[in-house]
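Coordinate inspection notes
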Amino acid sequence: LLLPMENGNHFICFKTAGKRETVEYFYLLEDENWHKNVHKRAGTPIENINDTLSSIADESVMYVVKNGEELCGYFVRYEDKSNLVLEGFHIAKKYRVGIFFNLFWSFVKSKFEREFLIGIYYKNKDAIRHLSKQGFEYLKTIAEDNKEYYILTYKK
C-alpha cells in the first residue's frame with residue numbers, strides 16, 4: 001500500500017520477515033526514560049527488545065511503514081480462531097505527530113477486516129491516550145506476570 005502526501009513524500013506499508021531487525025531499529029532509537037519507565041520490561045534496550053520479540057507469535061505478520069528509505073513505524077497483526085489482535089506497534093519519535101499518526105492508523109486499520117484487540121502496559125499512558133483518540137475503547141484490565149495491561153478494542 002503506497003500513500004502519497006501533499007509534500008511529495010510517499011509512505012509505503014509492507015510485510016517484513018525481519019521482526020528482530022525491525023524491533024531493534026526502533027528500540028535503539030529510544031532514550032533511557034522510555035526503556036525504564038514506559039516499556040513493560042523496564043530493562044535495558046536489549047532486554048526490552050527480547051521481551052517484545054517473545055510476545056510476538058511466530059505466525060504473526062509484521063508490517064513496516066517507510067518514508068522513502070526511512071523506517072517510520074511498525075505494527076504486528078495476529079489472528080487466531082476467535083480474535084484479531086494488534087500484537088504491538090511502535091512509531092519513531094520524529095514521526096509522533098498528528099499527520100503521520102492519521103496515516104499510520106489508516107495503514108493499521110486497512111489490515112484488520114473486523115473488530116480487533118490490543119493489550120497495552122498500563123504505564124504507557126501516552127500510547128493509551130493516543131489509542132483512545134484513534135477510536136479504541138477500554139474493555140478490561142488483566143494481570144500477567146505481576147503487571148497490569150489494559151485491553152482495548154477497535155470496532156470497525
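In short, a report on the structure. Along each chain, residue indices are assigned from 1 in the same order as the chain's sequence is written. The predicted origin of the model limits local features to residues at a pLDDT of at least 70 and limits the giving and counting of side-chain atom pairs to 80 or more, whereas totals for whole chains, interfaces and linings rest on all residues. The basis for every side-chain value is the complete set of non-hydrogen atoms in the structure, without hydrogens or water.

We count a stretch as a helix when DSSP gives it H or I for four or more residues in a row; a strand needs E for two or more, and each element gets its number in order from the N terminus. The helix and strand inventory of the chain stands at five helices and eight strands. Reading the chain from its N terminus to its C terminus gives the helix and strand order β-β-α-α-α-β-β-β-α-β-α-β-β. We call a residue buried when its accessible area falls under 20% of the maximum for its residue type, exposed when it is over 50%, and partly exposed in between, using a 1.4 Å probe and counting protein chains only. Across the 156 residues of the chain, 47% fall into the buried class. In the chain, of all internal contacts separated by at least 6 residues, the share reaching a separation of at least 24 is 56%. Charge-centre separation for the chain: the mean point of 23 positive side chains lies 3 Å from the mean point of 22 negative side chains. Should any heavy atoms of two residues lie within 4.5 Å, those residues are counted as being in contact. Lys and Arg are tallied as positive, Asp and Glu as negative. Neither His nor the chain termini are counted. Charged groups are reduced to one reference atom each: NZ for lysine, CZ for arginine, CG for aspartic acid, CD for glutamic acid.

Moving on to the packing of aromatic side chains. Here a pair means two rings of Phe, Tyr or Trp (six-membered ring of Trp) with centres within 6.5 Å. Their orientation is stacked below 30 degrees between planes, edge-to-face above 60, and tilted elsewhere. On inspection of all chains with the given rule, the structure shows 20 aromatic pairs. Here the aromatic rings of F100 and F104 are separated by 6.0 Å at their centres, their planes lie at 40 degrees, and the arrangement is tilted. Taken together, the positions of F100 and F104, both in helix α4 (residues 98–110) and four residues apart, correspond to about one turn of that helix. Here F104 falls in the buried class, since its relative accessible area comes to 0%. Here the aromatic cluster, defined as three or more aromatic residues joined through ring pairs, consists of F11, Y63, F75, F89, Y95, F100, F104, W105, F112, F116, F136 and Y154. Definition used: whenever NZ (Lys) or CZ (Arg) falls within 6 Å of the ring centre and also within 35 degrees of the ring normal, the charge is taken to sit over that ring. The positively charged end of R77 is found above the aromatic ring belonging to F112, 5.6 Å away from the centroid.

Another aspect to go through is the side chain of T153. Residue position: T153 is located in strand β8 (residues 147–154). Excluding residues that lie within four positions of it along the chain, T153 makes contacts with E115, F116, L117, G135, F136, E137 and L139.

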